[in-house]
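Chains, contacts and geometry: an overview
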Amino acid sequence: MTPVSMAQALNGALRDAMKDDDRVLVFGEDVGALGGVFRVTDGLTADFGEDRCFDTPLAESGIVGFAIGMAMGGFRPVVEMQFDAFAYPAFEQITSHVAKLRNRTRGALSLPMVIRVPYAGGIGGVEHHCDSSEAYYTHTPGLRVVTPGTPQDAYDLLRDSIESDDPVIFLEPKCRYWAKDEVTFTRTGAAFDKAVVRRPGRDVTLIAYGPMVATALETVEAATAEGWDVEVVDLRSLAPFDDETVTASVRRTGRAVVVHEAAGFSGYGAEVVARVTEQCFHHLHAPVLRVTGLDIPYPPPKLERHQLPDVDRILDTIARLQWNDEPMEVAGA
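Rules behind the numbers
Residues numbered from 1 in each chain as written. Predicted model: local features only at pLDDT ≥ 70, side-chain atom pairs only at ≥ 80, totals over all residues. Heavy atoms only, no water. Helix = DSSP H or I, 4+ residues; strand = E, 2+ residues; numbered from the N terminus. Buried < 20%, exposed > 50% of the residue type's maximum accessible area, 1.4 Å probe, protein only. Contact = heavy atoms within 4.5 Å. Areas by Shrake-Rupley, 256 points an atom, 1.4 Å probe, with all protein chains shown as cover. Lys, Arg positive; Asp, Glu negative; His and termini not counted. Charge placed at Lys NZ, Arg CZ, Asp CG, Glu CD. Pairing = 2+ DSSP bridges. Axes fitted to C-alpha atoms, helices over the stretch in contact; angles between N-to-C directions. Phe/Tyr/Trp six-rings, centres within 6.5 Å; stacked < 30°, edge-to-face > 60°. Lys NZ or Arg CZ within 6 Å of the ring centre and 35° of its normal. Polar contact = N/O pair within 3.5 Å; in protein donor to acceptor, adjacent residues only side chain to side chain. Parallel < 35°, antiparallel > 145°, perpendicular 65-115°, else oblique. Nonpolar A, V, L, I, M, F, W, Y, C, P; charged D, E, K, R; others polar. Salt bridge = Lys/Arg side-chain N within 4 Å of Asp/Glu carboxyl O.

**Looking at the overall build of the chain**
- Regarding its fold elements, the chain presents 12 helices and 14 strands.
- Referenced to the eigenvectors of the C-alpha coordinate spread, the extents of the chain come out at roughly 65 × 45 × 40 Å.
- Within the chain, the proportion of its 333 residues that are buried is 56%.
- If you take every contact in the chain between residues at least 6 apart in sequence, the share linking residues at least 24 apart comes to 82%.
- Working note: accessible area of the chain is about 14,300 Å², and carbon and sulfur atoms make up 52% of it.
- Looking at charge distribution, the chain has the averaged site of its 31 positive side-chain charges lying 3 Å from that of its 49 negative ones.

Here's what the structure looks like:
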């Protein structure tokens, strides 16, 4: 297998889905002739025609509203929001209609559609070009929310998302678009709604997703030098949440740290901490901790490095866990 980038893996998933099912349509801003600002849709218009992959006006609410009608009409639209913070004008459509139509019609209508959202930071994007909006979507019942951490998962999860009869918010970590790995262009990974253990360990579980999976794996070597054997769990599916895989890991290690780029206050990690604490309380040797972005609006490019969790911050947090039955050092105490 030749290593390919995550962007190429996503392109392969779209291409294979369009070959397999004539109902699959791809549309959004600049996805046609340009191939998308990150080139994820490169060549699709040339290969499948303008009826299958086409550009839309710069109107996110209109893009999603149009996709709702297409899905109700029997198609399987895959739309791109271009950037995470550009998606907010479509938020009302997503929460009021995409998420609720099946419930509203008592199952008579489903919306088999995928909303692709390039999200999170790490690319030095200017204002409105980087955000971590996962908690908005996971808080909305009726939506599946998934995010790949590897090129292979990008292919697998997007193929599964397109075939799902439920609407899917597909969060693509922008900073990992160019990360390369070997990819089998057939689905080989875990089930759509399952987390996976990326690296087994004995002492502490790092729970990560999307862009932070690679950061968590980078931490392993440095943690080993400090004497900690770290297990890394990639959530993959944020909604629904795979309690079984996560809790099994934490019960083995007895300690857990949740890592994400989004702000800490009311962030997605708070839900993970609550679930792990409730289900693993008698197995925990220390409180579950988080490494997150700062509780500030997303900073300008030159300050981005201070916002994003990195190996040093994760190691510092692991060190704060209670070890050898000593009281945990409380920040600010």
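**Here's the deal with the sheet that holds strand S13 (residues 256-263)**
- Reading across from one edge, S9-S11-S10-S13-S14 is the order of the five strands in this open sheet, with mixed pairing throughout. With partners counted over all chains shown, the strands left at the sheet margins are strand S9 (196-199) and strand S14 (289-293), one partner each. The sheet shows a mean angle of 25° between the axes of neighbouring strands, direction not considered.
- Here strand S10 (residues 204-208) runs beside S13; their pairing, made up of three bridges, is parallel.

**Brief notes about the packing of aromatic side chains**
- Overall, the coordinates contain 14 aromatic pairs when judged by the stated rule.
- Centroid distance Phe 38 to Phe 83: 5.5 Å. Interplanar angle 70°. Geometry classified as edge-to-face. With a gap of 45 residues between them, Phe 38 in the loop between strand S2 (24-28) and helix H2 (44-48) and Phe 83 in the loop between strand S4 (76-80) and helix H4 (91-98) connect regions that are remote in the sequence.
- In this structure Phe 38 comes out as buried when scored by relative accessible area, which is 12%.
- One aromatic cluster is present, built from ring pairs that chain together Phe 38, Phe 83, Phe 86, Tyr 177 and Trp 178.
- Here the guanidinium or amino end of Arg 255 rests over the ring plane of Trp 323, the centre of that ring lying 4.0 Å away.

**Comments concerning the sheet that holds strand S3 (residues 53-55)**
- With respect to topology, seven strands assemble into an open sheet ordered S3-S2-S4-S5-S7-S6-S12, the strand pairing being mixed. Strands at the two margins of the open sheet, each flanked by one partner only, are S3 and strand S12 (237-239). Adjacent strand axes in the sheet meet at a mean angle of 20° when their direction is disregarded.

**A look at the environment of Tyr 209**
- You can see Tyr 209 is positioned in the loop between S10 and helix H8 (212-225).
- Relative accessible area serves as the criterion here: at 2%, Tyr 209 is assigned to the buried category.
- Sequence separation of Tyr 209 and Val 233 is 24 residues, and the distance between their C-alpha atoms is 8.1 Å.
- Not counting the four nearest positions on each side in its chain, Tyr 209 is found in contact with Tyr 119, Glu 134, Thr 147, Asp 234, Leu 235, Leu 238, Val 259, His 260 and Tyr 268.
- A distance of 2.6 Å separates a polar atom in the side chain of Tyr 209 from a polar atom in the side chain of Glu 134.

**A closer look at the packing of helix H3 (residues 60-72) against H4**
- Here H3 crosses H4 at 25°, and the two axes come no closer than 8 Å. Between H3 and H4, the angle is such that the two are roughly parallel. Touching Ser 61, Val 64, Gly 65 and Ile 68 of H3 are Gln 93, Ile 94, His 97 and Val 98, all from H4.
- Looking at the contact of H3 with H4 residue by residue, the class counts come to four nonpolar, four polar and no charged.

**Side note on the pattern of salt bridges**
- For the structure on display, the rule yields 23 salt bridges.
- Here Arg 76 and Asp 165 are joined by a salt bridge, their closest N and O atoms 2.6 Å apart. Remark: Asp 165 occurs in the loop between helix H7 (151-163) and strand S7 (168-173) and Arg 76 occurs in strand S4; sequence separation between them is 89 residues.
- The exposure class of Arg 76 is buried, given its relative accessible area of 11%.
- The exposure class assigned to Asp 165 is partly exposed, which follows from its relative accessible area of 38%.
- The closest approach of N and O atoms between Glu 271 and Arg 275, which form a salt bridge, is 3.0 Å. Highlighted residues: Glu 271 and Arg 275, both in helix H10 (residues 268-280), separated by four residues, approximately one helical turn.
- With relative accessibility at 39%, the residue Glu 271 sits in the partly exposed group.

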